[in-house]
Amino acid sequence: MTRLPPEARAALEALGISRYGLVAVGELVFEAAFREACASNQCGRYGTNWACPPGVGAPDALAARARGFRCGLVLQTVWPIEDAFDFEGMLAAGERHNALFRKAVGQVAPLLAAGGATLALSAGACGVCPSCTYPEGAPCRFPERALASLEAYGIDVARLLEAAGLAYRNGADTVSYVGLLLF
Ligand code: SF4
(Lines give C-alpha, C1' and ligand atoms only; values in the text may rest on other atoms or scores of the structure.)
Protein backbone atom coordinates (compact mmCIF):
# COMPACT_ATOMS: atom_id res chain seq x y z
CA MET A 1 0.00 0.00 0.00
CA THR A 2 1.56 3.28 -1.04
CA ARG A 3 -1.27 5.62 -0.14
CA LEU A 4 -3.70 5.67 2.71
CA PRO A 5 -7.33 5.16 1.55
CA PRO A 6 -9.33 8.44 1.56
CA GLU A 7 -11.68 7.17 4.33
CA ALA A 8 -8.70 6.51 6.60
CA ARG A 9 -7.24 9.95 5.86
CA ALA A 10 -10.60 11.56 6.57
CA ALA A 11 -10.89 9.67 9.89
CA LEU A 12 -7.42 10.80 10.99
CA GLU A 13 -8.01 14.37 9.98
CA ALA A 14 -11.37 14.42 11.81
CA LEU A 15 -9.42 13.44 14.94
CA GLY A 16 -7.01 16.32 14.35
CA ILE A 17 -4.13 14.03 13.33
CA SER A 18 -2.31 15.62 10.42
CA ARG A 19 1.11 13.97 10.76
CA TYR A 20 1.09 10.43 9.45
CA GLY A 21 2.76 8.26 6.86
CA LEU A 22 2.96 4.70 5.60
CA VAL A 23 6.02 2.46 5.79
CA ALA A 24 6.72 -1.03 4.52
CA VAL A 25 7.49 -3.46 7.33
CA GLY A 26 10.87 -4.07 5.69
CA GLU A 27 11.77 -0.47 6.60
CA LEU A 28 11.47 -1.11 10.35
CA VAL A 29 14.87 -1.09 12.06
CA PHE A 30 15.21 -3.11 15.26
CA GLU A 31 18.07 -2.13 17.58
CA ALA A 32 18.91 -3.94 20.79
CA ALA A 33 20.02 -0.62 22.31
CA PHE A 34 16.46 0.75 22.41
CA ARG A 35 15.16 -2.29 24.15
CA GLU A 36 18.13 -2.24 26.55
CA ALA A 37 17.37 1.40 27.36
CA CYS A 38 14.11 0.19 28.94
CA ALA A 39 16.18 -1.72 31.50
CA SER A 40 17.75 1.53 32.70
CA ASN A 41 14.22 2.21 34.01
CA GLN A 42 14.22 5.98 33.57
CA CYS A 43 10.43 5.86 33.30
CA GLY A 44 10.09 3.74 36.44
CA ARG A 45 7.86 1.19 34.67
CA TYR A 46 10.42 -1.50 33.79
CA GLY A 47 9.26 -4.85 35.15
CA THR A 48 5.88 -3.48 36.24
CA ASN A 49 3.68 -4.09 33.20
CA TRP A 50 2.87 -6.93 30.80
CA ALA A 51 3.42 -4.56 27.87
CA CYS A 52 6.92 -3.53 29.02
CA PRO A 53 10.17 -5.50 29.17
CA PRO A 54 10.79 -8.09 30.34
CA GLY A 55 7.14 -9.24 30.54
CA VAL A 56 6.33 -8.16 26.98
CA GLY A 57 8.52 -10.95 25.57
CA ALA A 58 11.93 -11.66 24.09
CA PRO A 59 13.24 -9.10 21.54
CA ASP A 60 13.63 -11.64 18.72
CA ALA A 61 10.11 -12.94 19.18
CA LEU A 62 8.67 -9.41 19.17
CA ALA A 63 10.63 -8.44 16.04
CA ALA A 64 9.41 -11.62 14.32
CA ARG A 65 5.83 -10.79 15.30
CA ALA A 66 6.14 -7.26 13.89
CA ARG A 67 7.76 -8.57 10.69
CA GLY A 68 4.74 -10.81 10.15
CA PHE A 69 2.78 -7.74 8.99
CA ARG A 70 3.07 -6.04 5.61
CA CYS A 71 2.69 -2.30 6.26
CA GLY A 72 2.75 0.20 9.05
CA LEU A 73 0.85 3.43 9.56
CA VAL A 74 2.95 5.87 11.57
CA LEU A 75 1.01 8.52 13.51
CA GLN A 76 2.71 11.43 15.21
CA THR A 77 1.20 13.95 17.61
CA VAL A 78 2.86 17.16 18.81
CA TRP A 79 2.00 18.89 22.10
CA PRO A 80 3.04 22.18 23.68
CA ILE A 81 5.05 22.05 26.91
CA GLU A 82 6.39 24.85 29.10
CA ASP A 83 10.06 24.11 28.46
CA ALA A 84 12.56 21.26 28.08
CA PHE A 85 12.26 20.48 31.82
CA ASP A 86 8.48 20.24 31.90
CA PHE A 87 8.41 16.51 32.71
CA GLU A 88 4.86 16.70 34.06
CA GLY A 89 3.75 18.27 30.78
CA MET A 90 5.55 15.53 28.83
CA LEU A 91 3.84 12.78 30.84
CA ALA A 92 0.41 14.38 30.41
CA ALA A 93 1.05 14.77 26.67
CA GLY A 94 2.06 11.09 26.46
CA GLU A 95 -1.25 10.09 28.03
CA ARG A 96 -3.19 12.33 25.64
CA HIS A 97 -1.23 10.89 22.72
CA ASN A 98 -2.02 7.30 23.70
CA ALA A 99 -5.72 8.09 24.15
CA LEU A 100 -5.86 9.74 20.73
CA PHE A 101 -3.81 6.94 19.15
CA ARG A 102 -6.23 4.33 20.53
CA LYS A 103 -9.16 6.26 19.08
CA ALA A 104 -7.41 6.50 15.70
CA VAL A 105 -6.57 2.79 15.71
CA GLY A 106 -10.19 1.94 16.54
CA GLN A 107 -11.38 3.84 13.48
CA VAL A 108 -8.61 3.18 10.98
CA ALA A 109 -7.63 -0.45 11.66
CA PRO A 110 -10.89 -1.87 10.23
CA LEU A 111 -10.37 0.23 7.07
CA LEU A 112 -6.81 -0.99 6.56
CA ALA A 113 -6.92 -4.59 7.73
CA ALA A 114 -10.43 -5.58 6.58
CA GLY A 115 -10.87 -7.88 9.57
CA GLY A 116 -7.30 -9.16 9.47
CA ALA A 117 -4.79 -8.97 12.32
CA THR A 118 -3.24 -5.69 13.39
CA LEU A 119 -0.67 -4.72 16.00
CA ALA A 120 -0.63 -1.28 17.60
CA LEU A 121 2.50 0.05 19.33
CA SER A 122 2.78 3.41 20.98
CA ALA A 123 4.60 5.28 23.74
CA GLY A 124 5.31 4.20 27.31
CA ALA A 125 3.77 1.52 29.48
CA CYS A 126 0.26 0.15 28.93
CA GLY A 127 -2.22 2.21 30.95
CA VAL A 128 -5.44 0.30 30.34
CA CYS A 129 -5.82 -0.83 33.97
CA PRO A 130 -5.26 1.41 37.00
CA SER A 131 -2.98 -1.33 38.30
CA CYS A 132 -1.35 -3.90 35.99
CA THR A 133 -1.53 -7.54 37.09
CA TYR A 134 2.20 -8.00 36.33
CA PRO A 135 4.11 -9.79 37.84
CA GLU A 136 1.87 -11.47 40.37
CA GLY A 137 1.27 -14.58 38.33
CA ALA A 138 -2.03 -13.35 36.90
CA PRO A 139 -2.16 -12.92 33.12
CA CYS A 140 -2.86 -9.63 31.36
CA ARG A 141 -6.55 -8.76 31.85
CA PHE A 142 -7.05 -7.39 28.32
CA PRO A 143 -4.39 -8.78 25.97
CA GLU A 144 -6.31 -7.49 22.94
CA ARG A 145 -6.28 -3.95 24.34
CA ALA A 146 -2.82 -3.86 25.96
CA LEU A 147 -0.54 -1.39 24.20
CA ALA A 148 3.21 -2.05 24.11
CA SER A 149 5.70 0.64 23.19
CA LEU A 150 7.85 0.96 20.09
CA GLU A 151 10.88 0.91 22.40
CA ALA A 152 9.79 -2.37 24.02
CA TYR A 153 9.86 -3.86 20.50
CA GLY A 154 13.33 -2.35 19.95
CA ILE A 155 12.14 -0.19 17.02
CA ASP A 156 14.32 2.76 16.01
CA VAL A 157 11.80 5.62 16.15
CA ALA A 158 14.04 8.18 14.41
CA ARG A 159 14.42 5.89 11.39
CA LEU A 160 10.74 5.01 11.47
CA LEU A 161 9.84 8.70 11.26
CA GLU A 162 12.34 9.23 8.47
CA ALA A 163 10.83 6.32 6.49
CA ALA A 164 7.36 7.82 7.00
CA GLY A 165 8.49 11.29 5.90
CA LEU A 166 7.92 12.83 9.35
CA ALA A 167 10.18 15.09 11.42
CA TYR A 168 11.71 13.88 14.69
CA ARG A 169 11.63 17.34 16.31
CA ASN A 170 8.76 19.74 15.82
CA GLY A 171 9.79 23.03 17.37
CA ALA A 172 10.91 24.52 20.68
CA ASP A 173 8.75 23.84 23.73
CA THR A 174 6.93 20.94 22.14
CA VAL A 175 7.03 17.22 22.71
CA SER A 176 6.24 14.72 19.96
CA TYR A 177 4.94 11.17 20.37
CA VAL A 178 4.66 8.39 17.83
CA GLY A 179 2.38 5.40 17.37
CA LEU A 180 2.58 2.62 14.82
CA LEU A 181 -0.28 0.48 13.53
CA LEU A 182 0.96 -2.63 11.75
CA PHE A 183 -1.47 -4.34 9.41
S1 SF4 B 1 -4.24 -4.39 29.87
FE2 SF4 B 1 -4.06 -4.14 32.11
S3 SF4 B 1 -3.10 -6.09 32.78
FE4 SF4 B 1 -2.76 -5.93 30.56
S5 SF4 B 1 -0.74 -4.93 30.30
FE6 SF4 B 1 -2.30 -3.29 30.24
S7 SF4 B 1 -2.43 -2.57 32.35
FE8 SF4 B 1 -1.43 -4.61 32.43
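Higher on the page you've got the structure.
What counts as what
- Residues numbered from 1 in each chain as written.
- Predicted model: local features only at pLDDT ≥ 70, side-chain atom pairs only at ≥ 80, totals over all residues.
- Heavy atoms only, no water.
- Helix = DSSP H or I, 4+ residues; strand = E, 2+ residues; numbered from the N terminus.
- Rg over C-alpha atoms; globule rule 2.2 N^0.38 Å.
- Buried < 20%, exposed > 50% of the residue type's maximum accessible area, 1.4 Å probe, protein only.
- Areas by Shrake-Rupley, 256 points an atom, 1.4 Å probe, with all protein chains shown as cover.
- Pairing = 2+ DSSP bridges.
- Phe/Tyr/Trp six-rings, centres within 6.5 Å; stacked < 30°, edge-to-face > 60°.
- Lys NZ or Arg CZ within 6 Å of the ring centre and 35° of its normal.
- Near = heavy atom within 4 Å.
- Nonpolar A, V, L, I, M, F, W, Y, C, P; charged D, E, K, R; others polar.
- Patch = residues over 30% accessible without salt bridge, like charges linked within 9 Å, V, L, I, M, F, W, Y side chains within 5 Å.
- Salt bridge = Lys/Arg side-chain N within 4 Å of Asp/Glu carboxyl O.
- Lys, Arg positive; Asp, Glu negative; His and termini not counted.
- Charge placed at Lys NZ, Arg CZ, Asp CG, Glu CD.
- Core = buried A, V, L, I, M, F, W, Y, C linked by side-chain atoms within 4.5 Å.
- Contact = heavy atoms within 4.5 Å.
- Polar contact = N/O pair within 3.5 Å; in protein donor to acceptor, adjacent residues only side chain to side chain.

> Could you give me a rundown of the overall build of the protein, with the residues and numbers involved?
Scanning the protein from N- to C-terminus turns up five helices and five strands. When the helices and strands of the protein are listed from N to C terminus, the series reads α-β-α-α-β-α-β-β-α-β. For a compact globule of 183 residues, the expected C-alpha radius of gyration is about 16 Å, and the protein comes in at 16 Å, within 12% of that figure. Across the 183 residues of the protein, 45% fall into the buried class. Summed over its atoms, the accessible surface of the protein is roughly 9700 Å², and 54% of this surface lies on carbon and sulfur atoms.

> Run through the sheet that holds strand E1 (residues 19-24), naming residues and quoting values.
One open sheet holds the five strands; their spatial order is E1-E2-E5-E3-E4, and the pairing between them is mixed. The open sheet has two free edges, formed respectively by E1 and strand E4 (148-149), since each of these has just one partner strand. Sheet analysis places E1 next to strand E2 (residues 71-80), joined by six bridges and oriented antiparallel. Looking at the pairing, Gly 21 lines up with Val 74 of E2.

> So what's going on with the packing of aromatic side chains? Which residues, and what values?
The geometry of an aromatic ring pair is captured by two quantities: the separation of the ring centres and the angle between the planes. What the rule picks out here adds up to one aromatic pair. Over the face of the ring belonging to Phe 142 we find Arg 145, whose NZ or CZ atom lies 4.8 Å from the ring centre.

> Describe in detail the site of the ligand, supporting the description with residues and values.
Every residue near the ligand is listed here: Asn 49, Trp 50, Ala 51, Cys 126, Val 128, Cys 129, Cys 132, Thr 133, Cys 140, Arg 141, Phe 142 and Ala 146. Each residue belonging to the shell around the ligand can be placed in one class, and the counts come to nine nonpolar, two polar and one charged.

> Could you give me a rundown of a negative patch on the surface, with the residues and numbers involved?
A surface patch of like charges, here negative, comprises Glu 82, Asp 83, Glu 88 and Asp 173. Of note, Glu 88 is situated in helix H4 (residues 87-113). Note on Glu 88: relative accessible area 69%, which makes it exposed.

> Summarise unusual backbone geometry; cite the residues concerned and give the values.
Across the junction of Pro 53 and Pro 54, the peptide omega takes the value -5 degrees, indicating a cis bond. Here Pro 54 shows up in the loop between helix H2 (32-39) and helix H3 (59-67). Between Tyr 134 and the following residue, Pro 135, the backbone shows a cis peptide bond with an omega angle of -5 degrees. Note that Pro 135 resides in the loop between strand E3 (119-122) and E4. Look at Asn 41: it is not a glycine, yet its phi comes out positive at around 60 degrees. With respect to the element layout, Asn 41 can be found in the loop between H2 and H3. Phi is positive for Asp 173, which is not a glycine, with a value near 55 degrees. Topologically, Asp 173 is positioned in the loop between helix H5 (157-164) and strand E5 (174-182). Owing to a relative accessible area of 41%, Asp 173 belongs among the partly exposed residues under this scheme.

> Could you give me a rundown of the nonpolar core, with the residues and numbers involved?
Of all hydrophobic cores here, the largest spans 30 residues; its most connected members are Leu 12 and Leu 73. Of all the secondary structure elements, the ones that give two or more residues to this core are helix H1 (6-14), E1, E2, H4 and E5. Here this core takes 10 residues from H4, the largest share from any one element. Sequence-distant contacts of Leu 12, that is, excluding residues within four places in its chain, are made with Leu 4, Ile 17, Tyr 20, Leu 73, Leu 75, Ala 104 and Val 108.

> Provide a residue-level description of the side chain of Gln 76, including the pertinent values.
Among the structural elements, Gln 76 can be located in strand E2. The exposure class assigned to Gln 76 is buried, which follows from its relative accessible area of 3%. Separated by 2.8 Å, the side chain of Gln 76 and the backbone oxygen of Ala 167 make a polar contact. Residues in contact with Gln 76, not counting those within four places in the same chain, are Ile 17, Arg 19, Leu 161, Leu 166, Ala 167, Tyr 168, Asn 170, Ser 176, Tyr 177 and Val 178.

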